[in-house]
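Examining the three-dimensional arrangement
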Amino acid sequence: TTSVAGGRLSFVLGLQGPCYTMDTACSSGLSALHNGALAVRFGECGSAVASAVSLNLSPIVTTVVAGAGMLSKSGRCFTWDASANGYARSEGVGSVVIRVAGHGAGSTLTLGGSAVRQDGRSASLTAPNGAAQRSLIGATMTRAGLTPAMVGCVEAHGTGTALGDPTEAGAVAQAYGGGRESALIVGAAKGNVGHTEAPSGLI
């Protein structure tokens, strides 16, 4: 079972803090990061490791998502493009060590705040909900002590679908756009590396 994977890593590394194996689809890596940060923040452990991996070792998932019309027929993610016609599956591993600021060497990123949220009811199971996305962005900025004007760059989900991209672009514009005096750069790694699914938020 997937629960054994996280436990196995804790066993090998001798880690004794909270140990979860999370499956929240494309947000699995970010959900692990969020929960790891909470564990460190509330003193459940001194540091945490949030990792996610996606390996396409079986054709089953590809067959299912292709049958649902979710994959790009050209095999590319055309994020923010009028030719967006689905996503391309790829493989990847993302891993982050989370510590309290100032503790330990090699810190390259400060996580000011994080939040998770489900879209709730929308047009379909996989259809995005712009209002829920705006709410999530707002909650994250509040926890990080940021205002929209302080944000200069956003790494978006950007799957390259005709429904998902406009919805996300609208949510980003509404969440960060009010009263801006400088440009907001919006990117998405999927245009270069494809959709790594579970670790996509960590890559």
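We now turn to the structure provided with this report. Owing to the predicted nature of the structure, the values given are computational and were not obtained by experimental measurement.

About the criteria used
- Residues numbered from 1 in each chain as written.
- Predicted model: local features only at pLDDT ≥ 70, side-chain atom pairs only at ≥ 80, totals over all residues.
- Heavy atoms only, no water.
- Helix = DSSP H or I, 4+ residues; strand = E, 2+ residues; numbered from the N terminus.
- Buried < 20%, exposed > 50% of the residue type's maximum accessible area, 1.4 Å probe, protein only.
- Contact = heavy atoms within 4.5 Å.
- Salt bridge = Lys/Arg side-chain N within 4 Å of Asp/Glu carboxyl O.
- Polar contact = N/O pair within 3.5 Å; in protein donor to acceptor, adjacent residues only side chain to side chain.
- Lys, Arg positive; Asp, Glu negative; His and termini not counted.

As a further point, take the environment of Gly 46. Residue placement: Gly 46 occurs in the loop between helix H2 (28–41) and strand E1 (47–54). Since its relative accessible area comes to 60%, Gly 46 is described here as exposed. On a C-alpha basis, the gap between Gly 46 and Gly 17 in space is 8.5 Å, while along the polypeptide they are 29 residues apart. Contact partners of Gly 46, with chain neighbours within four places excluded, come to Val 40, Ile 98 and Arg 99.

What follows concerns unusual backbone geometry. For Ala 25, which is not a glycine, the phi torsion comes out positive at approximately 60 degrees. Inspection of the secondary structure puts Ala 25 in the loop between helix H1 (2–13) and H2. The partly exposed category is assigned to Ala 25, whose relative accessible area is 47%. One non-glycine residue, Trp 80, lies in the positive phi region at around 60 degrees. For Trp 80, the position within the fold is in the loop between helix H3 (59–67) and strand E2 (92–99). The exposure class assigned to Trp 80 is partly exposed, which follows from its relative accessible area of 36%.

Summed over all chains, the structure comprises 1 salt bridge. Measuring nitrogen to oxygen at the nearest pair gives 2.7 Å for the salt bridge that ties Arg 89 to Glu 197. One end of the pair, Arg 89, is in the loop between H3 and E2; the other, Glu 197, is in the segment after helix H6 (190–193), with 108 residues separating them in the sequence. For Glu 197, a relative accessible area of 13% gives the class buried.

Turning our attention to the environment of Asp 119. Tracing the backbone through its elements, the reader meets Asp 119 in the loop between E2 and helix H4 (130–144). Ignoring any residue separated from it by four or fewer positions in sequence, one finds Asp 119 in contact with Ala 127, Pro 128, Asn 129, Ala 132 and Gln 133. A distance of 3.0 Å separates a polar side-chain atom of Asp 119 from the backbone nitrogen of Asn 129.

Inspection of the secondary structure assignment puts Asp 165 in helix H5 (residues 164–176). No salt bridge forms around the buried Asp 165; measuring N to O, its nearest opposite-charge neighbour Lys 190 is 8.3 Å away. A distance of 3.3 Å separates a polar side-chain atom of Asp 165 from the backbone nitrogen of Thr 159.

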